[in-house]
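Topology and contacts: notes
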Amino acid sequence: MPGVGASAANGTSLEILPVSAPHGGLLAALHAASFPPADQWEEDAMQSLLSSPGVAAAVGVKDGTPAGFIMIRSVAGEAEILTLCVVPFFRRQGVAQALLAWALLTAQTDQVEQMFLEVSVLNAGAKTLYENAGFAKAGLRRSYYPDGSDALVLSKRLDD
């Protein structure tokens with residue numbers, strides 16, 4: 001799937017570029033810059049996931065600088081957002097929203113009927129992002145994250 005470009009009102013540009021296993025180091029660096037140490041994924045894990053069937057990922061590049069990425073896995077008509085991260089400097093600039101839109105379009109192209117994700121109950125910004133995109137609560141995973149916080153399980157129908 002080709003990259004998607006956008007231009008913000010302030011003249012900044014944002015590109016969404018699909019990536020693959022050779023980009024595992026970049027994704028690990030973005031993940032490390034976005035999450036606390038206990039939640040970070042290593043380069044080997046990124047490469048392994050990107051080599052798995054049904055996994056797709058894209059990097060958001062803002063004004064030429066990688067700003068974040070999203071990774072999804074699609075299997076049997078369902079998809080899961082494995083991770084979405086945006087480097088703190090680039091937050092609240094539309095990067096996560098553009099990455100999420102790419103993921104939803106990619107999943108629909110793959111004929112996915114429903115998408116799922118987990119998000120920390122403490123992550124107000126991400127919860128708002130997903131709610132605004134039409135995700136709804138499907139469950140709760142108690143003490144899911146390394147910090148002991150619960151995870152909301154959210155889902156969205158894509159075939160409506």
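Look up a bit, the structure's there.
So, here's what we can say about the structure. (Residues numbered from 1 in each chain as written. Predicted model: local features only at pLDDT ≥ 70, side-chain atom pairs only at ≥ 80, totals over all residues. Heavy atoms only, no water.)

**Looking at the packing of aromatic side chains**
For the structure shown, the criterion picks out three aromatic pairs. Ring plane angle 85° and centroid distance 4.9 Å describe the contact between Tyr144 and Tyr145, whose orientation is recorded as edge-to-face. (Phe/Tyr/Trp six-rings, centres within 6.5 Å; stacked < 30°, edge-to-face > 60°.)

**Some words on the pattern of salt bridges**
Inspection of every chain in the model, using the stated rule, returns four salt bridges. Here Glu118 and Arg141 are joined by a salt bridge, their closest N and O atoms 3.2 Å apart. With Glu118 in strand 6 (residues 114–120) and Arg141 in strand 7 (residues 136–141), this pair connects stretches of sequence that are 23 residues apart. The partner of Asp150 in a salt bridge is Arg142, with the nearest N and O atoms 3.1 Å apart. The class of Arg142 is exposed, set by a relative accessible area of 63%. (Salt bridge = Lys/Arg side-chain N within 4 Å of Asp/Glu carboxyl O. Helix = DSSP H or I, 4+ residues; strand = E, 2+ residues; numbered from the N terminus. Buried < 20%, exposed > 50% of the residue type's maximum accessible area, 1.4 Å probe, protein only.)

**Focus on the nonpolar core**
Counting 47 residues, the largest nonpolar core has Leu27, Ile70, Met71, Ile81, Met115, Tyr130 and Phe135 as its most contacted members. If you tally residues by element for this core, the top one is helix 3 (residues 95–109), at seven residues. For Ile70, the contacting residues outside a window of four places in its chain are Ala56, Ala57, Ala58, Ile81, Thr83, Leu84, Leu99, Leu100, Trp102 and Ala103. (Core = buried A, V, L, I, M, F, W, Y, C linked by side-chain atoms within 4.5 Å. Contact = heavy atoms within 4.5 Å.)

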